[in-house]
Structure formats: C-alpha cells, structure tokens
Amino acid sequence: MNEIRRLSPTLKFGTFEVNLESRELRKRGLRIRLEEKPFQILELLLEEAGRVVTRRTLRDKLWPETHVGYEHNLNTAVNKLRGLLGDSAGSPRFVETIPRRGYRFIAPVEQPARAAQPSAKKMLAVLPFENLSGDPEQEFFADGLTEEMISQLGMLNTKRLGVIARTSAISYKGKKKPISEIARELKVDCVLEGSIRRAGKRIRITAQLIEAWNQTHLWSASYDRDSRDVLGVQNEVAQQVGKALAIELLPEPASKYSAFDPIAHEAYLHGRFFCGQRTEEALKKAIVSFEAALSIEPCCARSLSGIADCYGLLCWFGALTPLEAGPKAAAAATRAIEIDDSLSEPHASLALVKYWYQWDWEGAEREFLRSLELNPSYAMAQLWYASYLNTMGRLDEAQAAQRMARELDPLSLLINMSAADPFFYGRQYERAIAHLRLLLEQAPAFFPALFNIGRAYAQKGMYGNAILAFEKAVELSGNREGLLALAHIYALTGRTVEARKILREMKTNTSGRYVASPMIARIHLGLGEVDQAFEWLSKGVEERSFWTIFLKMDPVYDPIRSDPRFKDLLKRVRMDS
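These notes cover the structure that comes with them. (Residues numbered from 1 in each chain as written. Predicted model: local features only at pLDDT ≥ 70, side-chain atom pairs only at ≥ 80, totals over all residues. Heavy atoms only, no water.)

So, the overall build of the protein chain
Thinking step 1. Helices and strands together make up the secondary structure of the protein chain, namely 25 helices and 13 strands.
Thinking step 2. Computed over C-alpha atoms, the radius of gyration of the protein chain comes to 26 Å, within 12% of the 25 Å expected from 2.2 N^0.38 for 577 residues, which places it in the range of a compact globule.
Thinking step 3. With the C-alpha coordinates aligned to their principal axes, the bounding extent of the protein chain is approximately 70 × 70 × 45 Å.
Thinking step 4. Here the protein chain holds 577 residues, and the buried ones make up 55% of them.
Thinking step 5. A separation threshold of at least 6 residues defines the contact pool for the protein chain, and within that pool the share at least 24 residues apart is 60%.
Thinking step 6. Accessible area for the protein chain stands at about 24,900 Å²; split by element, carbon and sulfur atoms hold 51% of it.
Thinking step 7. The distance from the centre of the 78 positive side-chain charges to the centre of the 72 negative ones in the protein chain is 4 Å. (Helix = DSSP H or I, 4+ residues; strand = E, 2+ residues; numbered from the N terminus. Rg over C-alpha atoms; globule rule 2.2 N^0.38 Å. Buried < 20%, exposed > 50% of the residue type's maximum accessible area, 1.4 Å probe, protein only. Contact = heavy atoms within 4.5 Å. Areas by Shrake-Rupley, 256 points an atom, 1.4 Å probe, with all protein chains shown as cover. Lys, Arg positive; Asp, Glu negative; His and termini not counted. Charge placed at Lys NZ, Arg CZ, Asp CG, Glu CD.)

Focus on the pairing of strand β2 (residues 16-19)
Thinking step 1. Residues Phe16 and Val18 point to one face of β2 and are all buried, whereas Glu17 and Asn19, pointing to the other face, are not buried.
Thinking step 2. Here 4 bridges tie strand β1 (residues 10-13) to β2, and the two strands are oriented antiparallel to one another. Within β2, the position partnered with Lys12 by the bridge is Glu17.
Thinking step 3. Between β1 and β2, which pair antiparallel and follow one another directly, the connecting turn spans 2 residues, one of which, Gly14, has a positive phi of 55°.
Thinking step 4. Inspection of the sheet shows β2 paired to strand β3 (residues 24-27) by 4 bridges, in the antiparallel sense. In the strand pairing of β3, Val18 is matched with Leu25.
Thinking step 5. Hairpin geometry of β2 and β3 is characterised by an intervening segment of 4 residues between the two adjacent antiparallel strands and by a positive phi of about 60° at Arg23. (Pairing = 2+ DSSP bridges.)

Here's the deal with the packing of helix α10 (residues 301-316) against helix α11 (residues 322-339)
Thinking step 1. Running from amino to carboxyl end, α10 crosses α11 at an angle of 160°, the nearest separation of the two axes being 8 Å. Compared by their axis directions, α10 and α11 come out roughly antiparallel. Helix-helix and strand crossings are classified by hand; for α10 and α11 the assignment is left-handed. When α10 is examined against α11, the residues Ala301, Leu304, Ser305, Ile307, Ala308, Tyr311 and Cys315 are found in contact with a partner set consisting of Pro322, Ala325, Lys328, Ala329, Ala332, Ala333, Arg335, Ala336 and Ile339. (Axes fitted to C-alpha atoms, helices over the stretch in contact; angles between N-to-C directions. Parallel < 35°, antiparallel > 145°, perpendicular 65-115°, else oblique. Left-handed = near helix turned anticlockwise from the far one by under 90°.)

Re the packing of aromatic side chains
Thinking step 1. Counted by the stated rule, this structure contains 26 aromatic pairs.
Thinking step 2. Ring plane angle 75° and centroid distance 5.9 Å describe the contact between Trp316 and Trp356, whose orientation is recorded as edge-to-face. Of this pair, Trp316 sits in helix α10 while Trp356 sits in helix α12 (residues 344-358), placing them 40 residues apart in sequence.
Thinking step 3. Owing to a relative accessible area of 2%, Trp356 belongs among the buried residues under this scheme.
Thinking step 4. Measuring from ring centre to ring centre gives 5.7 Å for Phe368 and Tyr385, while their planes differ by 45°; the resulting arrangement is tilted. In this pair, Phe368 is assigned in helix α13 (residues 361-374) and Tyr385 in helix α14 (residues 379-391), connecting sequence segments 17 residues apart. Like Phe368, the residue Tyr385 is buried in the burial classification.
Thinking step 5. Three or more aromatic residues link up through ring pairs in this structure, and these residues are Phe424, Tyr425, Tyr429, Phe451, Phe470, Tyr514, Phe546, Trp547 and Phe550. (Phe/Tyr/Trp six-rings, centres within 6.5 Å; stacked < 30°, edge-to-face > 60°.)

Re the sheet that holds β1
Thinking step 1. Strand order in the open sheet formed by 4 strands is β1-β2-β3-β4, and the pairing between neighbours is antiparallel. Because the sheet does not close on itself, it has two edges, and the strands there are β1 and β4 (30-32). Each strand axis lies, on average, 30° off the axis of its neighbour in the sheet, ignoring direction.
Thinking step 2. Contacts between helix α1 (residues 36-47) and the sheet are confined to β1, β2 and β3, with β2 contributing the most and set at about 100° to the helix.

Quick word on the environment of Tyr223
Thinking step 1. Following the sequence through the fold, Tyr223 ends up in strand β13 (residues 216-226).
Thinking step 2. Taking C-alpha positions, Tyr223 is 52 Å from Gly426, a pair spaced 203 residues apart along the chain.
Thinking step 3. Leave out the neighbours within four places in its chain, and Tyr223 touches Ile203, Arg204, Ile205, Val233, Glu236, Val237 and Gln240.

Things to note about the side chain of Ser289
Thinking step 1. Here Ser289 shows up in helix α9 (residues 280-296).
Thinking step 2. In contact with Ser289, other than residues within four places in its own chain, are Ala267, Tyr268, His270, Gly271 and Phe274.

Focus: the pattern of salt bridges
Thinking step 1. A full pass over the atoms with the stated rule returns 36 salt bridges.
Thinking step 2. Among the salt bridges present, the one from Glu185 reaches Lys177, with a minimum N-O distance of 2.8 Å.
Thinking step 3. For Glu185, a relative accessible area of 26% puts it in the partly exposed group.
Thinking step 4. When salt bridges that share partners are traced, they join Arg56, Arg59 and Asp60 into one network. (Salt bridge = Lys/Arg side-chain N within 4 Å of Asp/Glu carboxyl O.)

Looking at unusual backbone geometry
Thinking step 1. In this structure, Lys187 takes a positive phi of about 55° despite not being glycine.
Thinking step 2. Residue placement: Lys187 occurs in the loop between α6 (179-186) and β11 (190-199).
Thinking step 3. Of note in the backbone geometry, Arg278 takes a positive phi value of approximately 55° without being a glycine.
Thinking step 4. Structurally, Arg278 can be placed in the loop between α8 (262-275) and α9.

If you want it as structure tokens, here you go:
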C-alpha cells in the first residue's frame, strides 16, 4: 500500500462501510465477504479516491513478482469487487474504468470526524512558524521554535493528543497550500500556525489554532516579550492549545519554564537547526552549538541529548569509530537524564546508545518505553524502537511501532523506508521489494532505500537488480556500506577480481574513515572464505560495530548460522538467549 498517504480506519461510501484495520466490508451493517485481492484493490482506490490508479501501480503493489498473467488476475479481482458492490463497468457508481490506464473511485468517501468521538485522540500539525524579522539568518530561530512547539505539545496529554513530527511539518515551509489540503494530507484535526519577529532583545510571537474541517479559528494570540521569556511563551501557547481542544492537562512545576539565557537559547536552536540537516559537516557544527549553549546554561538537558544523537550519527556516517563516539554519546545522554528525567528526548538518546553501542538490550527497551510514555508523539523514538524490535526478532511489534511512526511523520522518507524492515528480516523479500519500489518511485535519489532494496534483491537471488541498486546508491552518495555490499554481490556472481579490488581498498583504508568490519566479513562470505569472514565478524564485536546488532536477524548470515563460531558471536553480543 502507499505508505505516504494514510486513511482513517473507517470509511463510508454509498450504503457501504469499510474498516481498513479489521479488513471488513459491510452493507447497511451486514458483513460482506470480500477476498484479499479485491479488498486490496478497494483499499488502493479509496486511498486515491478521485484519482486514477494505474494498472501498472496495481500490478507492482499486488502482483510484484508476476509478469505473465497478471492482467487476467487484475480483471478477475476488479470484476469480483464490482459484483459485491453492485457496480458495473458500463454505468459505474463506484469504480470507473479509465481505458488503457486504470481505475478511479468516483463516489464520495466519508471519513467520520474524530471530533464526533470525544474519547478519540486528536491529531495536530504545527506548521513552520514564519520568520518576519526580514533577516534570512533568523530562519533557524523560526524553525527552532516550530520544533520546540512540536515537542512541547506532544507531551501535553499523551492519551488525547498526537502531534505530527518535524520532518513532515517542515515540508510545508514556504508553501501556500490551503489548511484544508494540508490537514487532508497529514490526516489531522487541527493546525497550529504562527509567526515570529525578533528586534533586538524583544520577540513578537503570534499563533493561531485552526480546526481543519471547517476552517474555524479556535484560538489566537500575540505575545510581545523579552527574548529571555521565549520558553514561557511556548508553554503558554501549549496550554492555550490544550484548553481550546478541551484537553485536560496535567499540572506542571512552575519552575520548569524559568528564564533561559537568550544567547544560550540561540546557540541551542542553532544546534537543532544543524542537527536536522543530517550531514556530517552540519552535525559537527551542531555539537559546537550545543556545547556553546551548555557553556552558558550547563543544565540544558536537550542540548546534551542533541550531542548524544549527533555522536551516534557521526559514527554511522563513518566520521568516528564506535569506540570514539559511543562513550561520548552515553555520557551526554546519561547527564541529560540526571538533569531532567521528565523529558522524552534524553531517554530516547540513552536508549539508542544502549542499543547500538552498549548492547544492553533490557536497558535499551526500558529507556525506549520510558521515552514513549513521556511523549508518544516522538516519531524518531518510535522508529528507533521499531529498529530495536526488528533486531530482537519481534517483528509483529516492530510493525506496530513502525505504523505509529508513520502516523506521526507520514512524509518522512526514512520512516517510510523502514516500514520494509520487518518484511526483510521476516524473509518476505517480495513484500520488502514492493514497498521499497513504491518509495523509490517518489524519491528515486533516496540512496538508503536503494541500499535496502539491493539487500532484498540479493536475498531473493535477483543479483542483477541488486548490483544496479548498489551501484546507483554508491554513485549518488559515495556510501561505503553500499560499496561493500556491492563487492559482496560481485563475489557471489563470480566477479571476484572486482570484489577483491574493493576488499583490498577497504582493508587498506587510507581515508581514515571508519569501515565496519562486519561489512568486510560479507565480502569474504561471498567469496566462500568462511574462516576470514569469522575473523572480521570477531573484529566487529571488538570494535563494537553497530552492524553487529543485526547478527541475530540479518539473512546474510543464514549460511553460517549452524557454525559453532556464529553461536559464540551471538553470545558475545548477548543475543544467545
């Protein structure tokens, strides 16, 4: 299914009602038995109601591995769907045929309003605050305010309010889309928008809360304050939003939003701005900015959490070894929790370090769950927890966490890509490939998805496709893991000269960048050199490579799982239970 656009669980059209979670179709309350393929076609058509769904799209999603005979299968499934709906191709009420192209759902589709269900969780999007300062250099301040509002609102009442994450919200920056269209794309009930103007030591913040379905302004206000009081303004806005949405708020300690040095706050916002760019250079700048904030405000827990996350990313990018980055990340996250254990972000940061570096599996899950208890709207924590669950082999739970992450951040390429992980680790390679193909149709230059689809192609035995995917990933990014994975496939397909050339380059490693030993082990596996593969896997354990966390579930190791040495590796990374 299309993982970017999402639907309400229950939809109505004509005399029919469909529940996408229980996968039931009812007519005037009576359940109608609908086979899986016709139901999937209905789901796709409803998802794109009013738009043409091409026959090619239906084939790729429902019959990805079928190249002969799918036309008959598709026609049969559509006819079954029409039959149960009492519809016809000649005079369609629901499913219209677009000759030589595909199909379109033409009936009005109703999504029961959440507002009619007082106990249901409301969904809110915070649009990027507009910078009215007349200075482009102040964009970081507006973006930072947006991100902080998202975080603060996410903790208001976690059972009654969900908040769309930064990645999806920030995609609307500078766009003049109608509120109703944005709300429909993000599937939210309300939207908070506003602006900020800085002049010397004064700030002026305006904010307004809009109900999406009827464009009603539920609340609006303007604040003229000293820049030292920006956190107080954020808290006041959050409280007013909660009241406007009739959400009962938990009392908060008055001291929590005390004045914050404006220079330290500006440095912190610079750190968030650079961290969000996710490039090596930007991450290094982010650490400098967070440290500048801490030099003025040593008890800024969020700056410490940001530092922990930056060190982890720099390790994953190959700029630092795990033994360099891990202890620094752990120290920063631990200190953040010591300062303020009521914040979600530090608990997620510590969980991540325990997961990828310390291999403290019980401690990692405890911290993930605490982070999500404090703020279930923290999409990255949901994503990281899903990754943890995948490596533990708890794939159903991973899918549930992944669905929550997508609900909170529906436009994130990373989150949507990771939805294929439970399929990959569950050896359902066709489903993983179909999902990643759809994502790459929308973002063909997103090299992490190329890397992941290459891995799925390799396990499926589609080596030509795998080589093309890895080669494109390397071309777009210079990704070292992509090059190592490519060498593995070269080895498997008899292109040993090319495989060994890459192997020599990676072992020599004159670049000074971190090369994960388990990735080198893969090349030896491809060459049939099992003893050497185990040597490099053992080195990976010694260097605490983050690639070792996938030992238990990664199918690339299936050929050597019965070897006693592999069982010893699992024991060393505490995965032998």
